Amino acid sequence: MTIARLSVLLLVLVAGGCFGGAVGPRLPTVAAQEQDLRDKGHHALLSGDVARAGQFFDEGRRLAESFDDRAGLAGALNDLGLVAGLLGNPGKAAEFHRRAHEIALELGDRALIADSLSYRGQAAHLMGDHATALAFYTQALALAREVNDRRGEAAALNNLGLLQQAKGETDQAEQSFQRALALNTEKGERRAMASNLSNLGAVSEKRGHWTEARGLYERALALDKEMELRPAIEADLVSLGQLSEVEHRLDEAISYYDRAYRGYRMLNQVPKAVDVLTRLIRVVKAAGQESLAAAYQAELKTMTTKP
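Quick caveat, the model's predicted, so the values are computed rather than measured.

J.: Sorry if this is basic, but what is going on with the overall build of the protein chain here?
T.: Of the regular secondary structure elements, the protein chain holds 14 helices and zero strands. For the protein chain, the α and β elements follow one another from N to C terminus as α-α-α-α-α-α-α-α-α-α-α-α-α-α. Taken against the 2.2 N^0.38 rule, which gives 19 Å for 307 residues, the C-alpha radius of gyration of the protein chain at 21 Å falls within 12% of a compact globule. Overall size of the protein chain, expressed as C-alpha extent along the three principal axes, is 70 × 45 × 35 Å. A burial count over the protein chain gives 50% of its 307 residues as buried. Restricting to contacts in the protein chain with at least 6 residues of sequence separation, those with at least 24 account for 55%. In the structure as shown, the protein chain presents an accessible area of about 14,500 Å², 54% of it carried by carbon and sulfur atoms. Considering the protein chain, the positive charge centre built from 37 side chains and the negative charge centre built from 40 side chains are found 2 Å apart.

As structure tokens, then:
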């Protein structure tokens, strides 16, 4: 199964002045403290530590609530929704994003409304409610264009492309991914560019254009490595392993799957590690390497046996 990559928005707070008098160190403003927590949370996310990210985001939520910072609270709620989705709880994610959207509407902040709509679309998408996701993405796209938010427009286009792809609208999906890639390239959003390239690779793979798909996956992997994005690197390796398996390039498939498996284990993402290890065993057996298959089987047993 091809790994689809949703585009995730990272909201930014604007820090104000500083507290403090003429003597002693200047204390950070509440907005600066919130931004610091969000930065730490997003850094943890990009390193693959979702649980740690959630701790930072929740601390930011509590800080925003304690100072009645409505915009900061909305941002923290969207961050927490993102974490919930990554942890496999899209229903909880949807509730966080709904609350953030309500605050954005209350404030009349159109950029924040657009971001929250995009997040709500992602949650619906993860729950398999494609009709609702499409409605949210369409609204987010229109509003992002109204406020000239190129980053938000690109995210909505990428995610809209995934819905089109799921519906079998391959040409439309490709156009959405290409437009998102052009916008992200214009803005220098290299992290988002990697997602667009990976999704374009999936389109090419589905069409049987394997050489083109391989080139796109390799470009995505290079960008993710450059940005040190985990677990995006592992996802790219799985895509390349899957493509190599389809092409019957078994030695390459084994190498890609093994590297992805080791990465997921390092990140302690056990379900994904088990999935890739299962693929790896299948390919190793097809290659006739029975002793290596037995070694991997032993690792799989260790990972799936409850203590």
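So that's the structure; there's more coming.
J.: Quick question: what am I supposed to make of the environment of Gly 128 here?
T.: Within the secondary structure, Gly 128 sits in the loop between helix H5 (110-126) and helix H6 (130-146). Here Gly 128 falls in the partly exposed class, since its relative accessible area comes to 48%. Separated by 38 residues in the primary sequence, Gly 128 and Pro 90 place their C-alpha atoms 9.6 Å from one another.

J.: Can you help me understand the packing of helix H1 (residues 30-46) against helix H3 (residues 70-86) in this one?
T.: Angle between the axes and distance between the axes: these two values describe a pair of packed helices. Running from amino to carboxyl end, H1 crosses H3 at an angle of 15°, the nearest separation of the two axes being 11 Å. With respect to each other, H1 and H3 are oriented roughly parallel. Two packed elements cross with a definite hand, and for H1 against H3 that hand is left-handed. Judged by residue contacts, Glu 34, Arg 38, His 42 and Leu 45 of H1 engage Gly 72, Gly 75, Ala 76, Asp 79, Leu 82, Val 83 and Leu 86 from H3. In terms of residue class, the contact of H1 with H3 is made up of five nonpolar, three polar and three charged.

J.: I'm lost on the confidence of the model for the protein chain in this one. Help?
T.: With 90% of its residues at a pLDDT of 70 or more, the protein chain has an overall mean of 90. Residue range residues 9-27 is modelled with pLDDT below 50. Its contacts to residues more than four positions away, or to other chains, number 36 contacts.

J.: Can you walk me through the side chain of Asn 158 in this structure?
T.: Position of Asn 158 relative to the elements: it lies in helix H7 (residues 150-166). Accessibility expressed as a relative area gives 0% for Asn 158, which makes it buried. Here the side chain of Asn 158 touches Asn 199 through a polar contact of 3.0 Å, side chain to side chain.

J.: Would you mind going over unusual backbone geometry with me for this structure?
T.: Glycine aside, a negative phi is what most residues show, and trans is what most peptide bonds show. Following Arg 230, the chain continues to Pro 231 via a peptide bond in cis, the omega torsion being 0°. Secondary-structure assignment places Pro 231 in the loop between helix H10 (210-227) and helix H11 (232-246). Unusually for a residue other than glycine, Asp 68 sits at a positive phi of about 55°. Here Asp 68 shows up in the loop between helix H2 (50-66) and H3. For Asn 148, which is not glycine, the phi torsion reads 60° and is therefore positive.

J.: Where do I start with the environment of Leu 143 in this structure?
T.: Considering the arrangement of structural elements, one finds Leu 143 in helix H6. Along the backbone, Leu 143 and Leu 45 are 98 residues apart, and their C-alpha atoms lie at a distance of 27 Å. Those residues in contact with Leu 143 that lie beyond four places of it in its chain are Arg 110, Ile 113, Ala 114 and Leu 117.

J.: Help me understand the nonpolar core in this model?
T.: With 29 residues, the main nonpolar core has Tyr 257, Val 276, Leu 277 and Leu 280 as its most contacted residues. At the level of elements, H10, H11, helix H12 (250-266), helix H13 (270-286) and helix H14 (290-304) are the ones that each hand at least two residues to this core. At eight residues, H13 tops the list of elements feeding residues into this core. In this structure, Leu 77, Leu 80, Phe 136 and Leu 143 belong to the second largest nonpolar core, which totals 27 residues.

Cut-offs and rules
Note that residues are indexed from 1 along each chain, following the sequence as it is written. In view of the model being predicted, local features appear only for residues whose pLDDT reaches at least 70, and side-chain atom pairs are presented and counted only at 80 or more, with totals across whole chains, interfaces and linings using the full set of residues. The basis for every side-chain value is the complete set of non-hydrogen atoms in the structure, without hydrogens or water. Put simply, DSSP H or I for four residues or longer makes a helix, DSSP E for two residues or longer makes a strand, and each gets a number counted from the N terminus. Each radius of gyration reported is based on C-alpha atoms, and the globular scaling rule is 2.2 Å times the count of residues to the power 0.38. Three exposure classes are used, based on accessible area relative to the maximum for each residue type with a 1.4 Å probe and protein chains only: buried under 20%, partly exposed in between, and exposed over 50%. For this analysis, residues touch if any pair of their heavy atoms sits within 4.5 Å. Accessible surface is estimated by sampling points in the Shrake-Rupley manner with a 1.4 Å probe; for residues, cover comes only from the protein chains shown. His is not counted here, nor are the chain ends, while Lys and Arg score as positive and Asp and Glu score as negative. Charge positions are represented by NZ for Lys, CZ for Arg, CG for Asp and CD for Glu. Throughout, an axis means a line fitted to C-alpha atoms (over the contacting stretch in the case of helices), and angles, computed between N-to-C directions, take values from 0 to 180 degrees. Angles are sorted into four bins: roughly parallel if under 35 degrees, roughly antiparallel if over 145, roughly perpendicular if 65 to 115, and oblique for all others. By convention, the crossing between two helices is left-handed when the near helix turns anticlockwise from the far helix through less than a right angle, and right-handed when the turn is clockwise. Under the scheme applied here, ten amino acids are nonpolar (Ala, Val, Leu, Ile, Met, Phe, Trp, Tyr, Cys and Pro), four are charged (Asp, Glu, Lys and Arg), and all others, including Gly, are polar. Per residue, pLDDT captures the predictor's confidence, and it can take any value from 0 to 100. Polar contacts here mean pairs of N or O atoms no more than 3.5 Å apart (in protein, one a potential hydrogen donor and the other a potential acceptor; neighbouring residues in sequence count only if both atoms are side-chain atoms). As used in this record, nonpolar core signifies buried Ala, Val, Leu, Ile, Met, Phe, Trp, Tyr and Cys residues forming a set joined through side-chain atoms within 4.5 Å.

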